[in-house]
Amino acid sequence: MATKLGFSITNPRFVPASFRKPIISVSASPSLPSSASGVQSIHFNSRKLSIKRRLLFFSPRASTDQQGQVQGDEVVDSNVLPYCSLDKKQKKSLGEMEQEFLQALQAFYYEGKSIMSNEEFDNLKEELMWEGSSVVMLSADEQRFLEASMAYVSGNPIMSDKEYDELKLKLKMDASEIVVEGPRCSLRSRKVYSDLSVDYLKMFLINVPAAVVALGLFFFLDDLTGFEITYLLELPEPFGFIFTWFAALPLILWLSFTFTNTIVKDFLILSGPCPNCGTENTSFFGTILSISSGGSTNNVKCSNCGTEMVYDSSTRLITLPEGSEA
Amino acid sequence: MIFAGVTEATWDSLVLESSSPVLVEFWAPWCGPCRMIHPLKDKLAKQYAGKLNCYKVNTDESPSIATKYGIRSIPTVMIFKNGEKKDAIVGAVPESTLTTSIEKFL
């Protein structure tokens, strides 16, 4: 409403109208003949004042005029962007705008022609950002993947199946949200698949025991040296601060990571939904004290329904072993 | 029944020529994950009744539709609007993923 009011005041159509009237009324009013220049200047000032007052007086009416216009079928307003139209029939849904955006990108990069002007494209992009669409925030690989999917459906693929699958796996490894698929069955092989993702929380928590040990060691050293380290920590500012954050803490972190790495090597914790009941199950890959967890595949039993599953860390897929019923 | 089946014979009239957006689920009786999301689909069909037409396609009975739209895995949920395929969601995904995709096209 505030912007509309501001707009109506500055709208050139209304300003002359409100100017005209006061000028006439004021110029008609000075009936007293006066020759003194001082008096005239006062008149001049009062004229200006009345114009201002009239302007303020007229502005509410101007805005009601504006509202009357909006209530009609057509809104003619240069300040309204094409995508902000209030007309429900013309407004495109978010999905359609996303599709249009990708089509424009695809046409530009792969076909070398533009299906919309730069201005239209910028408007569309701005509108998508405003709506909180994830498409405009995608990485280059993600955009390429979406374009490839669309191109495939429309019948003129832009990359081979192998390239497509590689790109998909790469995005999956990067934990991209757009390639997330639920548990599914392949139509051709009738096998059941489910996606695995990295459990970063558990990967972080695996460092906790080592961190506790490192902290214990740190305070043990402190005790051995007759609280020399505590003395360093309590040095006057800024030395105490520097020692705590740039020497003591990095040392403890480094110690805990080293301890973890000597015990477990190349570890990876993957979790994924069971294809039968959807329960998340996690599995550990790596070596614990030089004992390997068994290469790139793990056999996991669902904690909820007891289904046998095979976790593959190289393809990031859960499959059901041969011969089992989905 | 809200969740009616579509076959090759009724595909054009029910899905492509529908005036409102259409949600189609491709499924097969032998697929475990399909069974997992069936109750979810029924719930969505009730929730969006009147705004969205919901159908399901048995890929065993109508394999040509699945081939035509390049479906490699089931369950696949597709959203059609004005006879055009707008979105496809593969796999038994959580309800929130489905509702966000549906909301985009309503």
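Residues numbered from 1 in each chain as written. Chains lettered and ligands numbered in written order. Predicted model: local features only at pLDDT ≥ 70, side-chain atom pairs only at ≥ 80, totals over all residues. Heavy atoms only, no water.

## Regarding the overall build of chain B
What chain B contains, in helices and strands, is four helices and six strands. Listed N to C, the secondary structure of chain B is β-α-β-α-β-α-β-β-β-α in terms of helices and strands. Counting contacts in chain B only where the partners sit at least 6 residues apart, residues at least 24 apart contribute 71% of the total. A total accessible area of about 4600 Å² is found for chain B, and carbon and sulfur atoms account for 53% of it. (Helix = DSSP H or I, 4+ residues; strand = E, 2+ residues; numbered from the N terminus. Contact = heavy atoms within 4.5 Å. Areas by Shrake-Rupley, 256 points an atom, 1.4 Å probe, with all protein chains shown as cover.)

## Describing the sheet that holds strand β7 (residues 297–301) of chain A
The strand order across the open sheet built from six strands is β7(A)-β8(A)-β9(A)-β2(A)-β1(A)-β4(B), with neighbouring strands paired in antiparallel fashion. The outermost strands of the open sheet, each flanked by one partner alone, are β7 of chain A together with β4 (73–74) of chain B. In this sheet, strand β2 (residues 192–195) of chain A lies alongside strand β1 (residues 184–186) of chain A in antiparallel orientation, the contact comprising two bridges. Pairing of A:Arg184 across the sheet is with A:Tyr193, part of β2(A). (Pairing = 2+ DSSP bridges.)

## What about unusual backbone geometry?
B:Pro75 follows B:Ile74 through a cis peptide bond whose omega is -5°. Counting through the fold element by element, B:Pro75 comes out in the loop between β4 and β5 (76–81). Even without being glycine, A:Arg190 reaches a positive phi, approximately 60°. Position of A:Arg190 relative to the elements: it lies in the loop between β1 and β2. Looking at A:Arg190, the relative accessible area reads 47%, which means it is partly exposed. Of note, the phi angle at A:Asp266 is positive, near 45°, even though the residue is not glycine. On the secondary structure map, A:Asp266 appears in strand β4 (residues 264–273). A:Asp266 gets classed as exposed once you look at its relative accessible area, which sits at 71%. (Buried < 20%, exposed > 50% of the residue type's maximum accessible area, 1.4 Å probe, protein only.)

## So, the nonpolar core
Note on soluble globular proteins: their nonpolar side chains tend to be buried together. Formed by 38 residues in total, the largest nonpolar core has its most connected members in A:Met309, B:Trp11, B:Val15, B:Val24, B:Phe26, B:Ile74 and B:Phe80. Mapped by element, the contributors of at least two residues to this core are β4 and β8 (308–312) of chain A together with α1 (8–16), β2 (22–27), β3 (53–58), α3 (63–68) and β5 of chain B. With five residues, the top contributor of residues to this core is β4(A). In this structure B:Ile74 touches A:Arg184, A:Cys185, A:Leu187, B:Phe26, B:Trp27, B:Ala28, B:Trp30, B:Cys31, B:Cys34 and B:Thr59, once residues within four positions along its chain are discounted. Listed in part, the 16 residues of the second largest apolar core include B:Ile37, B:Cys54, B:Ile102 and B:Phe105. (Core = buried A, V, L, I, M, F, W, Y, C linked by side-chain atoms within 4.5 Å.)

## So, the confidence of the model for chain A
Model confidence for chain A is summarised by a mean pLDDT of 72, while 71% of its residues fall at 70 or above. Low pLDDT, under 50, characterises residues 1–73 of chain A; the predicted model gives this stretch 34 contacts beyond four residues in sequence or across chains. (pLDDT = per-residue confidence, 0-100.)

## Let's talk about the packing of aromatic side chains
Residue and element names in this part refer to chain B. As enumerated under the stated definition, the model contains seven aromatic pairs over all chains in all. Ring centres 5.5 Å apart and planes at 85° place the aromatic pair Trp-11 and Phe-80 in the edge-to-face group. Note that Trp-11 is positioned in helix α1 and Phe-80 in strand β5, a separation of 69 residues in sequence. Taken together through their ring pairs, the aromatic side chains of Trp-11, Phe-26, Tyr-69 and Phe-80 make up a single cluster. (Phe/Tyr/Trp six-rings, centres within 6.5 Å; stacked < 30°, edge-to-face > 60°.)

## What about the environment of A:Ser271?
All names here are of chain A. Tracing the sequence through the fold places Ser-271 in strand β4. Owing to a relative accessible area of 8%, Ser-271 belongs among the buried residues under this scheme. If we skip the residues at most four places from it in the chain, Ser-271 touches Asp-195, Leu-196, Ser-197, Asp-199, Glu-280, Asn-281 and Thr-282. Engagement of the side chain of Ser-271 in a polar contact is seen with the side chain of Glu-280, the distance being 3.4 Å. (Polar contact = N/O pair within 3.5 Å; in protein donor to acceptor, adjacent residues only side chain to side chain.)

## Some details on the state of the cysteines
In this structure the tally under the stated criterion is one disulfide over all chains. Each sulfur in the disulfide pair A:Cys185 and B:Cys31 lies 2.4 Å from the other. In this structure the cystine formed by A:Cys185 and B:Cys31 twists about its S-S bond by roughly 90°; its chirality is therefore right-handed. Of this pair, A:Cys185 sits in strand β1 while B:Cys31 sits in the loop between β2 and α2 (32–47), each in a different chain. (Disulfide = S-S within 2.5 Å.)

## Examining the sheet that holds β2(B)
Whenever strands of a sheet pair, they do so through backbone hydrogen bonds, lying parallel or antiparallel. Residues and elements named next belong to chain B. Across the sheet, which stays open at both edges, the five strands sit in the order β1-β3-β2-β5-β6 with mixed pairing between neighbours. Two strands close off the open sheet at either side, each with one partner strand: β1 (4–6) and β6 (84–90). Averaged over all neighbouring strand pairs, the angle between strand axes comes to 30°, with direction disregarded. Bridge count between β1 and β3: three bridges; the pairing is parallel. If you follow Val-6 over to β3, its bridge partner there is Val-57. (Axes fitted to C-alpha atoms, helices over the stretch in contact; angles between N-to-C directions.)

## Let's talk about the pattern of salt bridges
For the structure shown, the criterion picks out 12 salt bridges over all chains. The partner of A:Asp174 in a salt bridge is A:Lys170, with the nearest N and O atoms 3.8 Å apart. On the basis of relative accessible area, A:Lys170 is assigned to the partly exposed category, the value being 40%. Notably, a salt bridge pairs B:Asp60 with A:Arg190, separated by 3.6 Å at the nearest N-O pair. (Salt bridge = Lys/Arg side-chain N within 4 Å of Asp/Glu carboxyl O.)

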